[in-house]
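# Reading the structure
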Amino acid sequence: MLRRRFLAVTAALASAPLLAFDADLWQRLQSGGYVLLIRHAATIPGIGDPPGFRLGVCSTQRNLSEQGRRDAHAIGAAFRERGIPLGAVLSSRWCRCLDTARLAFGRVEEAPMLDSMFNDGEAAKRAKLREVLGRVNAFGSEAGKTNLVLVTHDVNIRALVGELVAQGEIVVARPQPNRLEVVGRLRA
C-alpha cells in the first residue's frame, strides 16, 4: 500500500514539470530557430505500405485515418493558437506525410530527402541524412525568426536524432553543426 502511494506521488511529481516544460517549449518556439521533426499523424493500422505501393498514388499507400486527419488539424491549430512562426514546411512524398502537412499548415513542399528510409540501403540512408543535415545547417545560419518544419517517418526521425516517436508527435530540435540537438517533444 505504501509502495503504491509512493509510486503515485512520484508519478504525479514527475508529470508536473513535464507540463511546465511543454509550456516553456511552446513559448521558446515563438522566437524561432528550431527544427520541428513531425512524424505523420495516425494512419490506418499497419507497418510500411501494402504490396503494390506506388509513390504519388495515394490509393496504393497506407494513409491517414479519420483520427489522423483530426490530429493533423489539431497540430496546426496548436501552432496557430500560440502564434508560432513557421518558415518552410517540408515533407516526405508519402501521402500520409503530405496530408499531415497540408491539413496542419495549409502548405507543403515535397522533399525527397524526407522520404521513408524503411527499405533503403545504408548508402541511401546516409545520403538522405546528409541532405537533411545540409538543409538544417543552412536553416541554422539564416537570420530569420521562423521554425523549420520537417514532416517525415519514425525511421527517419530515429536516424536523425535517435528518438522513437508516436504518430503525430513532434520532436523539437536546435540546429547544431551537422546534427540536431533535441530540446523537447510536443503532442498537439
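Notes on the structure follow. (Residues numbered from 1 in each chain as written. Predicted model: local features only at pLDDT ≥ 70, side-chain atom pairs only at ≥ 80, totals over all residues. Heavy atoms only, no water.)

In space, the six strands of this open sheet follow the order E3-E2-E4-E1-E5-E6, with mixed pairing throughout. Two strands lie at the open edges of the sheet, namely strand E3 (109-110) and strand E6 (179-187), each paired on one side alone. Where strand E5 (residues 169-176) meets E6, eight bridges bridge the pair, whose relative direction is antiparallel. Paired with Val-171 across the bridge in E6 is Arg-185. (Pairing = 2+ DSSP bridges. Helix = DSSP H or I, 4+ residues; strand = E, 2+ residues; numbered from the N terminus.)

Moving on, we get to the state of the cysteines. Under the criterion given, the structure shown has one disulfide. The disulfide partner of Cys-58 is Cys-95, and the gap between their sulfur atoms is 2.0 Å. The S-S bond linking Cys-58 to Cys-95 shows a torsion near -85°; that makes this disulfide left-handed. With a gap of 37 residues between them, Cys-58 in the loop between strand E1 (35-39) and helix H2 (66-81) and Cys-95 in helix H3 (residues 95-105) connect regions that are remote in the sequence. Take Cys-58: its relative accessible area is 33%, and that puts it in the partly exposed class. Cys-95 provides the cysteine sulfur closest to Cys-97, a residue in no disulfide bond, and the two sulfurs are 9.4 Å apart. Cys-97 sits in the buried class, given a relative accessible area of 0%. (Disulfide = S-S within 2.5 Å. Buried < 20%, exposed > 50% of the residue type's maximum accessible area, 1.4 Å probe, protein only.)

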